[in-house]
Amino acid sequence: MKNDRTVTVVLAVPDSPDERAWWPGSRFTSFYDLTAKSSRMPNSDNSLVRTKILLLGLRRSGKTSIQQVLFNNLPPKECFYLDATMRIVKHTYDTVIPLEIWDCPGNTTVESLGAPLSQFATLIFVIDIRDLYNQPISKLVEFIMAAYHENPNINLEVFVHKAERLHEDDKFENFRQINERVSDRLLDESPEYEQLPLNFHLTSIHDHTIHEAFSRVLHKLIDSLPYLEDLLNVFCVNSQSPKAFLFDARSRLYVATDASPVDSATHNLCCDNLAMLNSFGALYKSVSASQARRFLPSTVTPPPSIASTTPSTPLSRLSKPDSEKQDEIENHPNTNTNTSAPSSSTAPIPNTDPNPKPPKDRFYPSAATSLHPSTPGTTLTYNMITPELVLLALLPTPVFESKRGLVDINVVFFREGVQEICVVEKEARGTV
Ligand SMILES: Nc1nc2c(ncn2[C@@H]2O[C@H](COP(=O)(O)OP(=O)(O)OP(=O)(O)O)[C@@H](O)[C@H]2O)c(=O)[nH]1
């Protein structure tokens, strides 16, 4: 009976524009029109307004590794071979908001930065967890003081990094000491720094802590976060989902989640599942590429066949027959070859078709994985929402099995709301 009531609620939502007035995405449009749009006019040269993040820290603290692992899919083990950063490198990344991440050399000072701190929305300072000496703390304090005077609204984040290198007790002791020393040094400088909101995170590229910490950094930068959270809350209630995340597919950062608390185990599970599904995209790309290989030089290595590379877990299943959807899956962002990734095996395919087909409607892939088969069980669902974003939601398996259509309808309306928000974000930044 309880589930039937949910059906009524969901189907009643979007019948007419009037009835949809309560829909969070719509409320967002009108409110956001009045607020963010006016404060986020495009640059005078009509270029895209990017939110800037400053990545600072001593040499070898792990700045470039963090950027490369999160935004360039570099496997953590390969970070060992990264060259030292000699000049400031500006990396751009597009998700709900467009980002510009400044990876700075270890010797960067406030003076040598070459840009006022007022330009940046967030300053992330990376400290090696074993580096309890004066130098990194002095440098961090120098930047905090400068930021306080130039840009009091800047988000100050400290990543106490390479945390996996220490045992639990030492990890928390070093974390506490770094935290305490920074606070003491700031207090020595002036009591006015006492109230500064400094956020400390324990991070490592070798586990999911870097994803969780950077996600929290990102949340503070997304003006539309409350509206995305509203949509997730509505989705969870109507689909009986205990937890749902809206993830940026490529970086595996979650851009929003519902109101229930995030527990690391669930977050990590979603991250792993996303990594597994992301790797599907590359497989389909290879298969499609093989059909077009007649256009390519013969030196291109043949891709592995689907049959031999499909993950063996019987519980993971794509929602549509593979053969039907290969072409459309090619449009999935996860199938995009990341040109700056270190080891991309798929060469770009020249478009030699003299009669190119008209663009197709976007296909939104979905998948479901049973997490533990014992009754009642939990199912993790994956639904693509926009080219960048995917919805990962936990559902009781009986709900998923008996109310699949209902969940799908909820996903459709959720997608509509999120897409509306993304359009408004883009409009506010002058990209549409
Ligand atoms: N154990 C461990 N090593 C890490 C982690 N992150 C980065 N490293 C290693 O730290 C070393 C330095 O990493 P980089 O990313 O080059 O450091 P950086 O701060 O960019 O260094 P500069 O470019 O010289 O300023 C590399 O060998 C990485 O593999 C981590 O979370 N854990």
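Starting from 1, residues in each chain are numbered consecutively following that chain's sequence as written. At least 70 in pLDDT is required for a residue's local features to be given in this predicted model, at least 80 for side-chain atom pairs to be given and counted, and no such filter applies to totals for whole chains, interfaces and linings, which use all residues.

If you look the protein chain up in an unreviewed UniProt entry, it shows as GTP-binding protein from Tetrapyrgos nigripes. According to the UniProt record, the Sequence similarities (unreviewed entry) comment for the protein chain is "Belongs to the GTR/RAG GTP-binding protein family." UniProt positions are given in the numbering used here, feature names are shortened, and annotations may be inferred rather than shown by experiment. Recorded in UniProt under Subunit (unreviewed entry), the annotation for the protein chain is "Component of the GSE complex."

Visitor: Help me understand the overall build of the protein chain, please; the structure alone is not making it clear to me.
Guide: Per the secondary structure count, the protein chain includes 13 helices and 12 strands. Whether a residue is buried, exposed or partly exposed is read from the other C-beta atoms within 10 Å of its own C-beta, which are placed from the backbone; 20 or more gives buried, 12 or fewer gives exposed, and intermediate counts give partly exposed. Expressed as a percentage of its 432 residues, the buried residues of the protein chain come to 36%. By the convention adopted here, residues make contact when the C-beta atoms placed from their backbones lie within 7 Å. The long-range share in the protein chain, meaning contacts at least 24 apart out of those at least 6 apart in sequence, stands at 72%. Runs of E in the DSSP output that reach at least two residues are strands. Runs of H or I that reach at least four are helices, and both are numbered from the N terminus.

Visitor: How should I be thinking about the environment of arginine 362 in this particular structure?
Guide: Note that arginine 362 resides in the loop between helix H11 (322–329) and strand E10 (366–372). Under the C-beta neighbour-count criterion, arginine 362 is labelled exposed, with 11 such atoms within 10 Å. Sequence-wise, arginine 362 and threonine 386 are 24 residues apart; in three dimensions their C-alpha atoms are separated by 9.3 Å.

Visitor: I keep staring at the nonpolar core and nothing clicks. Help me out?
Guide: Taken as a class, soluble globular proteins show a tendency for nonpolar side chains to be buried jointly. In terms of nonpolar packing, the biggest core is built from 88 residues, with Leu246, Phe247, Val390 and Leu392 touching the most fellow members. By residue number, the principal contributor to this core is helix H13 (residues 404–428), which donates 10 residues. Discounting residues that sit within four places of it in the chain, leucine 392 has contacts with Ala244, Phe245, Phe247, Cys270, Asn273, Leu274, Leu380 and Tyr382. Connectivity within a nonpolar core runs through C-beta atoms within 7 Å, and the core itself is a set of buried Ala, Val, Leu, Ile, Met, Phe, Trp, Tyr and Cys residues.

Visitor: Can you walk me through unusual backbone geometry in this structure?
Guide: Keep in mind that most residues, glycine aside, have a negative phi and that most peptide bonds are trans. With phi around 55°, glutamine 240 is a residue other than glycine that occupies positive phi space. Tracing the chain through its elements places glutamine 240 in the loop between helix H8 (225–239) and strand E7 (243–248). Classification of glutamine 240 as partly exposed rests on a count of 19 C-beta atoms within 10 Å. Phi at arginine 252 is positive, roughly 60°, even though this residue is not glycine. If you trace the backbone, arginine 252 turns up in the loop between E7 and strand E8 (253–257). Judged by the 24 C-beta atoms lying within 10 Å of it, arginine 252 falls in the buried class.

Visitor: What exactly am I supposed to notice about the site of the ligand here?
Guide: As a matter of local geometry, the ligand sits amid 22 residues, with Gly62, Thr64, Ser65, Cys79 and Thr85 nearest to it. With 3 residues, helix H4 (residues 63–71) is the single largest residue contributor to the shell around the ligand. Here the nonpolar group is Ala, Val, Leu, Ile, Met, Phe, Trp, Tyr, Cys and Pro; Asp, Glu, Lys and Arg are the charged ones; every other residue, Gly included, is treated as polar. Looking at the shell around the ligand residue by residue, the class counts come to 6 nonpolar, 10 polar and 6 charged. Contact assignment follows one rule, namely that a residue is near a molecule or strand if its backbone-placed C-beta atom lies within 6 Å of it.

Visitor: Sorry if this is basic, but what is going on with the domain arrangement of the protein chain here?
Guide: The figure often quoted for interface size is the accessible area lost as the parts come together. Residue ranges for the domains trace back to a domain assignment, done automatically or taken from a database. Per the domain assignment, the segments of the protein chain are domain 1 (51–219) and domain 2 (224–345 + 359–428). Of the residues lining the interface, 17 residues belong to domain 1; the matching set on domain 2 comes to 20 residues. Only H4 and helix H7 (209–219) provide two or more residues apiece to the side of domain 1 that touches domain 2. Ranked by the residues each element gives to the side of domain 1 that touches domain 2, the list is headed by H7, at 6 residues. Here the side of domain 1 that touches domain 2 is built from residues that sort into 7 nonpolar, 7 polar and 3 charged.

Visitor: Whenever I open this one, H8 confuses me. Can you help?
Guide: Residue pairs three or four apart in sequence face the same way in an α-helix, which turns once every 3.6 residues. The length a helix should cover is 1.5 Å for every residue beyond the first. With 15 residues, H8 extends 21 Å from end C-alpha to end C-alpha; this agrees with the ideal 21 Å at 1.5 Å per step. Trailing H8 by a residue or two, glutamine 240 shows a phi angle of about 55°, which is positive.

Visitor: Even after reading the chapter, I still don't get the sheet that holds strand E4 (residues 122–128), so can you show me in this structure?
Guide: Strand pairing in a sheet relies on backbone hydrogen bonds. The paired strands run either parallel or antiparallel. For two strands to be treated as a pair, DSSP must find at least two bridges joining them. With mixed pairing, the 6 strands of this open sheet are ordered in space as E2-E3-E1-E4-E5-E6. What marks the edges here is a single partner per strand, and that holds for strand E2 (89–94) and strand E6 (198–202). Going from strand to strand, the sheet's axes swing by 20° on average, the running direction of each strand aside. Sheet topology note: the E4/strand E5 (residues 155–161) ladder contains 7 bridges and is parallel. Bridging from a neighbouring strand, isoleucine 124 pairs with glutamate 157 of E5. To obtain an axis, a line is fitted to C-alpha atoms, over the contacting stretch when the element is a helix, and the angle between two such axes runs from 0 to 180 degrees between their N-to-C directions. Contacting E4, E5 and E6, helix H6 (residues 168–189) crosses the sheet at an angle of about 160° to E6.

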